[in-house]
Amino acid sequence: MDVLICTAKEQDEWCETLAACLPEAQVHAGPDAPACDYAVLWKPPAAVFAHQPRLKALFSLGAGVDGLLAMPALPRDVPLVRIEDCGMAAQMIEYALYVALRRFRRFAEYADAQSEGRWAPRGLRMREDFQIGVLGLGVLGSAVANALAGFGFAVSGWSRTPKSIEGIDCVHGSAGLDVLLARSEVLLVLLPLTGDTEGLLGRELLAQLPDGAALANLSRGEIVDDEALLEVLDSGQIAEAFLDVFHREPLPRDHRYWTHPRVRITPHVAALTPYSAACSQVAEKIRGFERGESISGIVDRARGY
Ligand code: NDP
Ligand code: OXD
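Just so you know, the residues in each chain are numbered from 1, in the order the chain's sequence is written. Here every chain gets a letter starting at A, and every ligand a number starting at 1, in the order they are written. Residues qualify for local features only when their pLDDT is at least 70, as the model is predicted, and side-chain atom pairs are given and counted only at 80 or more; totals for whole chains, interfaces and linings, by contrast, use all residues. Hydrogens and waters are ignored; side-chain quantities use all the structure's heavy atoms.

Colleague: When you look at the pattern of salt bridges in this model, what are you seeing that I'm missing?
Modeller: Once their charged atoms are close, side chains differing in charge can pair, the charge on each being opposite to the other. Salt bridges, as used here, are contacts in which a Lys or Arg side-chain nitrogen is within 4 Å of a carboxyl oxygen on Asp or Glu. Scanning the entire structure with this criterion turns up 18 salt bridges. In this structure, Arg 183 and Asp 169 form a salt bridge, with 2.4 Å as the shortest nitrogen-oxygen distance. A residue pair is termed long-range when its members are at least 10 positions apart, and Arg 183 in helix 6 (residues 173–183) and Asp 169 in strand 8 (residues 169–172) qualify at 14 residues. Of the residues examined, Arg 183 reaches a relative accessible area of 26% and is grouped as partly exposed. Salt-bridge contacts for Arg 287 lead to Glu 284; the nearest nitrogen and oxygen are separated by 2.8 Å. Within this pair, Arg 287 and its partner Glu 284 are both found in helix 9 (residues 275–290), separated by 3 residues, close to a single helical turn. Remark: exposure states derive from per-residue accessible area (1.4 Å probe, protein chains only) relative to the maximum for the residue type, with buried under 20%, exposed over 50%, and partly exposed in between. In this structure Glu 284 comes out as partly exposed when scored by relative accessible area, which is 44%. Taken together, the shared-partner salt bridges connect Arg 102, Arg 103, Glu 240 and Arg 264 into one network. Segments assigned H or I by DSSP are reported as helices when at least four residues long, segments assigned E as strands when at least two residues long, and all are numbered from the N terminus.

Colleague: Mind showing me how you'd approach the packing of helix 1 (residues 11–21) against helix 9 here?
Modeller: Two quantities define a packed helix pair, namely the angle between the helix axes and the distance between the axes. Here helix 1 crosses helix 9 at 45 degrees, and the two axes come no closer than 9 Å. By the angle class used here, helix 1 and helix 9 are oblique. The two elements helix 1 and helix 9 meet at a crossing, and its hand is right-handed. On helix 9, the residues that touch Glu 13, Trp 14, Thr 17, Leu 18 and Cys 21 of helix 1 are Tyr 275, Ser 276, Ala 278, Cys 279, Ser 280, Val 282, Ala 283 and Arg 287. Within the contact of helix 1 with helix 9, the residues separate by chemical class into 8 nonpolar, 3 polar and 2 charged. Helix axes are fitted to C-alpha atoms over the stretch in contact, other axes to C-alpha atoms as well, and angles between N-to-C directions run from 0 to 180 degrees. Comment on the angle field: the value is read as roughly parallel under 35 degrees, roughly antiparallel over 145, roughly perpendicular from 65 to 115, and oblique elsewhere. In a left-handed crossing the near helix is turned counterclockwise from the far helix by less than a right angle, and in a right-handed crossing that turn is clockwise. Whether two residues touch is decided by their heavy atoms; if any such pair falls within 4.5 Å, the residues are in contact. Gly counts as polar in this scheme, as do all residues outside two lists: the nonpolar Ala, Val, Leu, Ile, Met, Phe, Trp, Tyr, Cys and Pro, and the charged Asp, Glu, Lys and Arg.

Colleague: Sorry if this is basic, but what is going on with the sheet that holds strand 2 (residues 26–29) here?
Modeller: Sheet strands pair via backbone hydrogen bonds, and the direction of the pair is either parallel or antiparallel. Paired strands, in this sense, are two strands between which DSSP finds at least two bridges. Pairing in this open sheet of 5 strands is parallel, and the strands run 2-1-3-4-5 from one edge to the other. Across the chains shown, the open sheet's two edge strands, defined by having one partner strand only, are strand 2 and strand 5 (80–81). Direction of pairing for strand 1 (residues 2–7) relative to strand 2: parallel, over a ladder of 4 bridges. Residue pairing across strands places Val 3 opposite Val 27, the latter belonging to strand 2. Contacts from helix 9 reach strand 1, strand 3 (38–42), strand 4 (57–60) and strand 5, with the element oriented near 165 degrees to strand 4.

Colleague: Help me understand the packing of aromatic side chains in this model?
Modeller: Each pair of aromatic rings is reported with the distance of its centres and the angle of its planes. Pairing of aromatic rings covers Phe, Tyr and Trp, the last through its six-membered ring, and needs centres within 6.5 Å; plane angles under 30 degrees mean stacked, over 60 mean edge-to-face, and all others mean tilted. Evaluation of the coordinates by the stated rule reveals 10 aromatic pairs. Taking 6.2 Å as the distance between ring centres and 90 degrees as the angle between the ring planes, the aromatic pair formed by Tyr 98 and Phe 242 counts as edge-to-face. In this pair, Tyr 98 sits in helix 3 (residues 88–104) while Phe 242 sits in strand 11 (residues 238–243), placing the two residues 144 residues apart along the sequence. Here a set of aromatic residues connected by ring pairs shows up, and it is made of Phe 104, Phe 130, Phe 151 and Phe 153. Geometry around Trp 258 places Arg 253 over its ring, the cationic atom sitting 5.1 Å from the centre. One residue, Arg 303, lies across the ring of Tyr 305, its end atom 3.9 Å from the ring centre. Placement of a charge over a ring requires the Lys NZ or Arg CZ to be within 6 Å of the ring centre, with the centre-to-atom vector within 35 degrees of the ring normal.

Colleague: Hey, could you run me through the site of ligand 1 in this one?
Modeller: If you check the shell around ligand 1, you find 30 residues, and the closest are Arg 82, Thr 161, Lys 163, Leu 218 and Tyr 305. Think of a polar contact as two N or O atoms within 3.5 Å of one another; within protein, one of them needs to be a possible hydrogen donor and the other a possible acceptor, and neighboring residues in sequence only count if both atoms come from side chains. One of the backbone N or O atoms of Leu 140 is found 2.8 Å from an oxygen atom in ligand 1. Contact distances for ligand 1 include 3.0 Å between an oxygen atom and a backbone N or O atom of Ala 271. Values of accessible area rely on a 1.4 Å probe in the Shrake-Rupley scheme; residue burial ignores everything except the protein chains shown. When ligand 1 sits alone it has 940 Å² of accessible area, and the protein chains cover 93% of it. Secondary structure elements with two or more residues in the shell around ligand 1: helix 3, helix 5 (139–150) and strand 7 (154–159). Looking at the shell around ligand 1, the element that brings in the most residues is helix 5, giving 3 residues. Here a residue counts as near a molecule or strand whenever at least one of its heavy atoms sits within 4 Å of it.

Colleague: Sorry if this is basic, but what is going on with a negative patch on the surface here?
Modeller: A patch consists of residues whose relative accessible area exceeds 30% and which take part in no salt bridge; residues with like charges are grouped when within 9 Å of each other, and nonpolar side chains (Val, Leu, Ile, Met, Phe, Trp, Tyr) when within 5 Å. His is not counted, nor are the chain ends; Lys and Arg add positive charge and Asp and Glu add negative charge. For charged residues, the charge sits on one atom: NZ in Lys, CZ in Arg, CG in Asp, CD in Glu. A cluster of acidic side chains, namely Glu 10, Asp 12, Glu 13 and Glu 16, defines a negative patch on the protein surface. Among the secondary structure elements, Asp 12 is positioned in helix 1.

Colleague: Help me understand the site of ligand 2, please; the structure alone is not making it clear to me.
Modeller: Inspection of the region around ligand 2 gives Trp 42, Gly 62, Ala 63, Gly 64, Met 88, Arg 220, His 268 and Ala 271 as its neighbouring residues. For ligand 2, an oxygen atom lies 2.7 Å from a polar atom in the backbone of Gly 64. In the environment of ligand 2, an oxygen atom lies 2.6 Å from a nitrogen or oxygen atom belonging to the side chain of His 268. In isolation ligand 2 has 210 Å² of accessible area, and contact with the protein removes 87% of it.

Colleague: What am I meant to see in the packing of helix 3 against helix 5 here?
Modeller: Running from N to C, helix 3 and helix 5 cross one another at 45 degrees; their axes reach a closest spacing of 9 Å. The pairing of helix 3 with helix 5 is recorded here as oblique in orientation. Crossing handedness for the pair helix 3 and helix 5: right-handed. Mapping the contact onto sequence places Met 88, Ala 89, Met 92, Ile 93, Ala 96, Leu 97 and Ala 100 in helix 3 and Leu 140, Ala 143, Val 144, Ala 147 and Leu 148 in helix 5. Partitioned by chemical class, the residues of the contact of helix 3 with helix 5 number 12 nonpolar, no polar and no charged.

By themselves, these are just geometric observations and shouldn't be taken as functional.
Pasting the structure below:
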């Protein structure tokens, strides 16, 4: 069996780890590999598919597949499989807890007060009264929602199809989204980028958040309309935005987000794919394919995730 691995960075490390996890295969690195049975990819060049007539499946080394699906050269007639969790849920939980605690305990307000030499204590509030909305209740969103609810916060979650998760107020559809937005003091975005979610958070929906809410976009920049977000940040309706992902990455040096006093930027690191867990997961799924078993994580191309 021949397996091609092609990544935009750290190609050698990925190749070495995959070869160790799949010793029964010949692992070939880079876009010029000979014809292979499987391809393992993260942001590959289009040329990678030029001489691959016999691929049985494609594996994304990320949870999100919007980049691969947007490639015109992507073979259409083979399954595309994505990474599921592999340690990314735990990292998303860490990020979400940081945002939730910073807002709940008003640390940003106290930092502002300190900078003005103001002693300004605020009253006690209870975790169960602090409303957090999670957009996307998939592998990562449901883990985040469960962790925040387990910590005692009041959590609502929004998905495309109806869901029932103990301890989470699950909503769907546009009416469900309206209810969730109106009460969320912290809104966490964990949706995939698809035709339906692109530009979802524009003026109309952002205006439904309560005054002083915070937004954390941890999935894809294109889900948020930047101009609309800057307007609600300027007006103070949104008190803080935590942005890990952007329309263009790296975020252009002259973008207003860099210097906006209410914006906290991280460089697309909310959850990094760990080499070893990801390669073991891919290796197990390749073995499953070889045995003719059905495997999880196959992308529904019509749905876009
Ligand atoms: P999943 O596919 O497991 O979950 C997607 C969730 O979004 C599902 O609950 C789905 O609903 C919901 N959803 C999709 N479309 C809609 C819609 N139109 N309306 C409402 N809900 C919708 O994805 P993961 O949880 O594994 O990952 C989520 C995203 O996180 C990835 O696509 C990727 O973009 C991003 N990501 C970012 C990282 C970073 O470092 N910043 C790292 C890893 C991932 P339903 O359950 O009904 O299908
Ligand atoms: C992913 C990412 O989708 O890192 O896995 O963005």
